[in-house]
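The chain contents come next:
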Amino acid sequence: MLMLECIQFIKEFAKDLYNSEFLRILVGCIAFYFTFSQLRYAKRNMLLNIAKNEIDIFNKLDERQKLFIECQIKFSNIKNNNNDDEEMKILLNEEERLKKYYFDLLDTVCFYAINNNITAKNFYSQYKNILLAVNELYGDTIKEYENICKVIKIIENDKTI
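Novice: Let's hear about the state of the cysteines: which residues, and what values?
Specialist: Scanning the entire structure with this criterion turns up 0 disulfides. Cys-149 takes part in no disulfide bond, and the closest cysteine sulfur to it belongs to Cys-110, at a distance of 9.2 Å. By relative accessible area, Cys-149 is classed as partly exposed at 23%.

What follows is the structure in C-alpha cells.
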C-alpha cells in the first residue's frame, strides 16, 4: 500500500512538474545558456581564423617582397661588376617578373583592405611606410594597380593611420 501511494505521489508530482511553467522556464534558460555559449565560442573561433588568415596573407606578401628585393640586389651587383649582358638580361626579366608578382599580390591585399575583408587598421599600420616607398620608387608602374593607388590615397589623406 505504501508503495502504491509513493508511485501515485510520483505520478502526480511528475504531472504537475510537466504542466508547470517553472519547468518550461528552466528548460528555456538552459537552452538559452547553451546557445549563447556556443555563439560566443563560434565568434571567438571566427576571430582567431581571421587573425590567422591575415597573418598568412601578410607572410606571403613579405615573402614576395623579399624575393623581389633579393633579385634587385643581385641585378645591382651584376650591373656594378659589368658582367655578362646575357646574365643581366636574365636577371632583368626575373626582376620584372618578381615585381609583377609582388605588385599583383599587393594589389589584391589592398583590395581586401578596402573592402574590409581583412582588418584595414592592421594592414595600414604594417604597410603604410612600404606603400609610401613603393609609390615613391615605382609611381609610374603602380598606376595600373588601381587598389594600390586607392590605398595610397587613403593613407596620404588620413593622418590618423
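What follows continues from the structure just given.
Novice: Any chance you could break down the confidence of the model for the protein chain for me, citing the residues and the numbers?
Specialist: Averaged over every residue, the pLDDT of the protein chain is 85; the share at 70 or more is 96%. For the protein chain, per-element mean pLDDT is lowest for helix H1 (residues 2-19), which scores 77, and highest for helix H5 (residues 146-157), which scores 89.

Novice: Which residues make up the side chain of Asp-107, and what are the values?
Specialist: The topology assignment puts Asp-107 in helix H3 (residues 85-114). Within the buried core, Asp-107 has no salt-bridge partner, and the shortest N-O distance to an opposite charge, that of Lys-150, equals 8.7 Å. With residues near it in sequence (within four places) discarded, Asp-107 still touches Tyr-145, Glu-146, Asn-147 and Ile-148.

Novice: Give me the lowdown on the pattern of salt bridges, citing residues and values where you can.
Specialist: Counted by the stated rule, this structure contains 6 salt bridges. Put simply, Lys-100 and Asp-104 hold a salt bridge, and the shortest N to O gap is 3.1 Å. Residue Lys-100 and its partner Asp-104 are both found in helix H3; the two are separated by 4 residues, about one turn of the helix. A relative accessible area of 31% means that Asp-104 is categorised as partly exposed.

Each value, and the rule that gives it
- Residues numbered from 1 in each chain as written.
- Predicted model: local features only at pLDDT ≥ 70, side-chain atom pairs only at ≥ 80, totals over all residues.
- Heavy atoms only, no water.
- Disulfide = S-S within 2.5 Å.
- Buried < 20%, exposed > 50% of the residue type's maximum accessible area, 1.4 Å probe, protein only.
- pLDDT = per-residue confidence, 0-100.
- Helix = DSSP H or I, 4+ residues; strand = E, 2+ residues; numbered from the N terminus.
- Lys, Arg positive; Asp, Glu negative; His and termini not counted.
- Salt bridge = Lys/Arg side-chain N within 4 Å of Asp/Glu carboxyl O.
- Contact = heavy atoms within 4.5 Å.

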